[in-house]
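# An overview of the molecular structure
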Amino acid sequence: MVAAADGRPGHLGAVGGELWWTEPRPAEGGRRALVRRREDGTAEAVLPAPWNVRNRVHEYGGHPWAGTVGDDGPLVVFTNYADQRLYRFEPDAGGEPVPLTPAPAIPGGLRWCEPVFADEFGEVWAVLEEFTGERPTDVRRVLAAVPLDGSAAGDRAKVRELTDDAYRFVTGPKLHRSGSAVAWIAWNHPHMPWDETELRVAEITADGRLEGAATVAGGEGESIAQVEWAGDGTLVFAGDRTGWWNLHWVDPENGNTGEIHPAEEEFAGPMWGLGMRWFQLLASGDIAAVHGRGGQRLSVFDAWDRELNPVEGPWTDWAPGLVAVGDRAYGLAASASSGYEVVEVDTVEGTARVVAAAHTDAVDPAYYPVPEHRTFTGPDGRDVHAHVYPPRNPDFEAPEGERPPFVVWVHGGPTSNVRAVLDLELAYFTSRGIGVVEVDYGGSTGYGREYRERLREQWGVVDVEDCAAAARALAAEGAADPARLAIRGGSAGGWTSAASLTSPAAAGLYACAVVKYPILTLAGWTGDDTHDFEAQYVHSLVGPPEVLEERSRERSPVDHADRIAAPFILLQGLEDEICPPAQAERLLERVAGKGVPHAYRAYEGEQHGFRQASTIVDAVLAEHALYARVFGFEGPDFDLELHP
């Protein structure tokens, strides 16, 4: 059940009167299927396996398709994961997808993201990420135009570049409805998009060139995460100039700017993928917006009364993937007792309903964990936000006086957060008597820029301390067994999990750890040792080059493998370009023969994060088997061999 439920719908869009989106298919090798909802309410996959509507721009990918209505019905362009090319497809006309972009000289080296139709020029405009050499940092990114007639499929010269590569990173083009102007967001190393970005605008000439490109907002320490055109020719954007990602407007003609709705809560988040949409402008001029402090709810900002009106419904969390069709907003919403569903909001009638991907209970909801929203006290009295999930199973209760084992779940990023929504993997453990605490340690998003920047140059310190503070507090108050605490995480969460086994701040706290596709040495997670998007991320998290080597030696688990005393397992995808297997293998070499029980499970065909059903099953069972072995209870029928 955990494997079948992995992932969620994403990348919503409208094609004529139809809603389209992508869905995960764990049983089909982890591909993403493109799905359409017909006007009669039925949903169907548009492309059969092995078509995989996904791209690898920035390695994390972004919005992979665009649609319009042509002479023969829907016309879509999409990126196919296997070769990263753009394809054209008319599902109602029959036939196969037709490539629009050339096959790259370097496999997977011409990547496309956030396509939009530029009808006046018979083109699709998109972000082009082009690799120019073998190194992961041999890359350039521009906005580019691709002819819809397929003439560029065999001729790279027919791809028309719209911008130069003065900026290392660009988001997809937002075309003004008149076709006279375009807006996008850009930034450069060493910044990450949540550090500093610029809002760029240019005029579109009659022959489709961009002219007079200029920055109209952002820079100077402001992060702009999304931009949209308003009907009056101004731009609405989410920027954090006030310390919170709030909504603002700017007139690109004269530079006048102002706030739309100032509030100490977030109306955007970290731009880990291109094409994330926290807000959408409605036909009425009102704004549908995902916002909150910690969590994310949906409200409609009344442009006339200047009021924010929450959308009523059972959902407690909305993902950043809104689509507006007239005065209707579509989004992905979930709660602690339901997975993400496709929800339609009629902002005129004030109603909301599920229209696709409706949640169905795989088991009795009595087995679902119930989150407790907590704020713990960390070092120096700082707040540490978390969601606590005590064990829950209606068929069992603990022996009198026995406190449960608890596992600290560390989210990745680390510039990210946790959502208090139904997760069957989490329920797998809580239904077996194992409590979980998900920690929004310092550096997490959702609590303003000041909270987010607690981690600046303190990665491996603040995150370790905050996770330990939550675990110790649960033990001190009697909610958790202090002798049966564990920690687990993937990616940046894998770093914190491993660092917690070697850091004095958590010495002796955890009885075991699960470390998934981790970063394990800071000096080895920069430049050409990782992908370009995060090639300089470590400098804001740990420090500039002149101190990085020293701090890496102080904090990296690889450099303090002799301190590891608790059993652990390493779970690693062998095609991971973000956290390459070499780091995991280096740690294994340093703990081999040291008497610390450990296991390494490496998965063919997996990248950063697991998508194949067989991998997900194996990883969950391996984790469960470790806890059973260490905590002393009956575990799954799974052969987990721990090496000394």
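Relevant structure appears above.
A brief look at the structure comes next.

The rules we used
Residues numbered from 1 in each chain as written. Predicted model: local features only at pLDDT ≥ 70, side-chain atom pairs only at ≥ 80, totals over all residues. Heavy atoms only, no water. Pairing = 2+ DSSP bridges. Helix = DSSP H or I, 4+ residues; strand = E, 2+ residues; numbered from the N terminus. 1 Å grid on protein atoms, 1.4 Å probe; cavity = no way out; pocket = protein on both sides within 12 Å on 5 of 7 lines; lining within 4 Å. Points joined across faces, edges and corners; volume = space filled by probe spheres on them. Nonpolar A, V, L, I, M, F, W, Y, C, P; charged D, E, K, R; others polar. Buried < 20%, exposed > 50% of the residue type's maximum accessible area, 1.4 Å probe, protein only. Lys, Arg positive; Asp, Glu negative; His and termini not counted. Salt bridge = Lys/Arg side-chain N within 4 Å of Asp/Glu carboxyl O. Contact = heavy atoms within 4.5 Å. Polar contact = N/O pair within 3.5 Å; in protein donor to acceptor, adjacent residues only side chain to side chain. Right-handed = clockwise from strand over helix to strand, strands pointing away. Axes fitted to C-alpha atoms, helices over the stretch in contact; angles between N-to-C directions. Phe/Tyr/Trp six-rings, centres within 6.5 Å; stacked < 30°, edge-to-face > 60°. Parallel < 35°, antiparallel > 145°, perpendicular 65-115°, else oblique.

### As for the sheet that holds strand S9 (residues 110-118)
Judged by pairing direction, the sheet is antiparallel, and its four strands sit side by side in the order S9-S10-S11-S12 without closing on themselves. Looking along the sheet, the strands with just one partner apiece sit at the ends: S9 and strand S12 (160-161).

### Section: empty space enclosed by the protein
Empty space among the atoms becomes visible once a probe the size of a water molecule is rolled across them. Going through the model one piece at a time under the given rule, you end up with three cavities of 30 Å³ or more. In this model, the largest cavity occupies a volume close to 120 Å³. With three residues, the single largest contributor to the lining of the largest cavity is helix H5 (residues 537-541). Residues of the lining of the largest cavity, tallied by class, amount to four nonpolar, three polar and four charged.

### Comments concerning the side chain of Glu606
By the secondary structure assignment, Glu606 is in the loop between strand S38 (598-603) and helix H8 (613-631). Here Glu606 is buried and forms no salt bridge, its nearest opposite-charge partner Arg611 lying at an N-O distance of 5.4 Å. In this view, Glu606 contacts Gly573, Leu574, Glu575, Asp576, Arg611, Gln612 and Thr615; residues no more than four positions away in its chain are not counted.

### Points about unusual backbone geometry
Following Ala49, the chain continues into Pro50 via a peptide bond in cis, with omega recorded as 10°. If you trace the backbone, Pro50 turns up in the loop between strand S4 (43-45) and strand S5 (65-70). Look at the link from Gly413 to Pro414: it is a cis peptide, with omega at 0°. On the secondary structure map, Pro414 appears in the loop between strand S33 (406-410) and helix H1 (424-430). One non-glycine residue with positive phi stands out, namely Ala357, at about 50°. Considering the arrangement of structural elements, one finds Ala357 in the loop between strand S30 (351-356) and strand S31 (372-377). Here Ala357 falls in the partly exposed class, since its relative accessible area comes to 29%.

### Details of the side chain of Glu130
Relative to the helices and strands, Glu130 is located in strand S10 (residues 123-131). Given the relative accessible area of 16%, Glu130 is considered buried. A distance of 2.9 Å separates the side chain of Glu130 from the side chain of Arg156, its partner in a polar contact. Setting aside residues no more than four positions away along its own chain, Glu130 makes contact with Gly109, Leu110, Asp138, Val139, Arg140, Arg156 and Glu161.

### Observations regarding the pairing of S33
Of all five residues in S33, five are buried; the element is thus mostly enclosed. Burial along S33 is two-sided: Phe406, Val408 and Val410 and Val407 and Trp409, pointing in opposite directions, are all buried. As paired strands, S33 and strand S34 (residues 435-440) are joined by five bridges and run parallel to one another. Looking at the pairing, Val407 lines up with Val436 of S34. Between the parallel pair S33 and S34, the chain is carried across by H1, and the sense of this crossover is right-handed. Sheet topology note: the S33/strand S35 (residues 485-490) ladder contains five bridges and is parallel. Paired with Val410 across the strands is Gly489, a residue of S35.

### A word on the sheet that holds strand S37 (residues 568-573)
The strand order S31-S32-S34-S33-S35-S36-S37-S38 describes an open sheet built from eight strands, whose pairing is mixed. Two strands bound the open sheet, and with one partner strand each, they are S31 and S38. With direction set aside, neighbouring strand axes in the sheet form an average angle of 20°. Pairing analysis gives six bridges linking S37 to S38, with the strands arranged parallel. Considered in S38, the bridge of Phe568 is made with His598. Those strands touched by H8 are S33, S35, strand S36 (512-516), S37 and S38, and its axis lies near 165° from that of S36.

### Some thoughts on the packing of aromatic side chains
Evaluation of the coordinates by the stated rule reveals 26 aromatic pairs. Ring geometry for Trp194 and Trp272: centres 4.6 Å apart, planes at 40°, overall tilted. A residue pair is termed long-range when its members are at least 10 positions apart, and Trp194 in the loop between strand S15 (181-187) and strand S16 (198-204) and Trp272 in the loop between strand S21 (257-259) and strand S22 (279-281) qualify at 78 residues. Here Trp194 and Trp272 have matching classes, each one buried. Aromatic pair Tyr627 and Phe631: ring centres 5.8 Å apart, planes at 10°, arrangement stacked. Placement of the pair is Tyr627 and Phe631 together in helix H8, with a separation of four residues, close to one helical turn. Residue Phe631 is classed as buried on the basis of its relative accessible area, which comes to 7%.

### A look at the packing of helix H3 (residues 462-476) against helix H4 (residues 492-502)
At a minimum axis separation of 9 Å, H3 and H4 run at an interaxial angle of 75°. Between H3 and H4, the angle is such that the two are roughly perpendicular. Contact residues: Asp463, Val464 and Cys467 in H3; Trp495, Thr496, Ala499 and Ser500 in H4. Residue composition of the contact of H3 with H4, by class: four nonpolar, two polar and one charged.

### Side note on the pairing of strand S1 (residues 10-15)
Pairing geometry for S1 and strand S2 (residues 18-25), over four bridges, is antiparallel. Along S2, the bridge assignment pairs Gly10 with Thr22. Here S1 folds back onto S2, and the loop between the two strands holds two residues, one of which, Gly16, carries a positive phi near 60°.

### Things to note about H4
An α-helical segment advances 3.6 residues per turn. Residues three or four places apart therefore align on the same side. Counting buried residues along H4, 11 of its 11 residues qualify, which places the element largely inside the surrounding structure. Taken residue by residue, H4 has Ala492, Gly493, Gly494, Trp495, Thr496, Ser497, Ala498, Ala499, Ser500, Leu501 and Thr502 as its buried positions. Those residues of H4 that are buried lie in contact with S33, H3, S35, S36, helix H6 (545-555) and S37.

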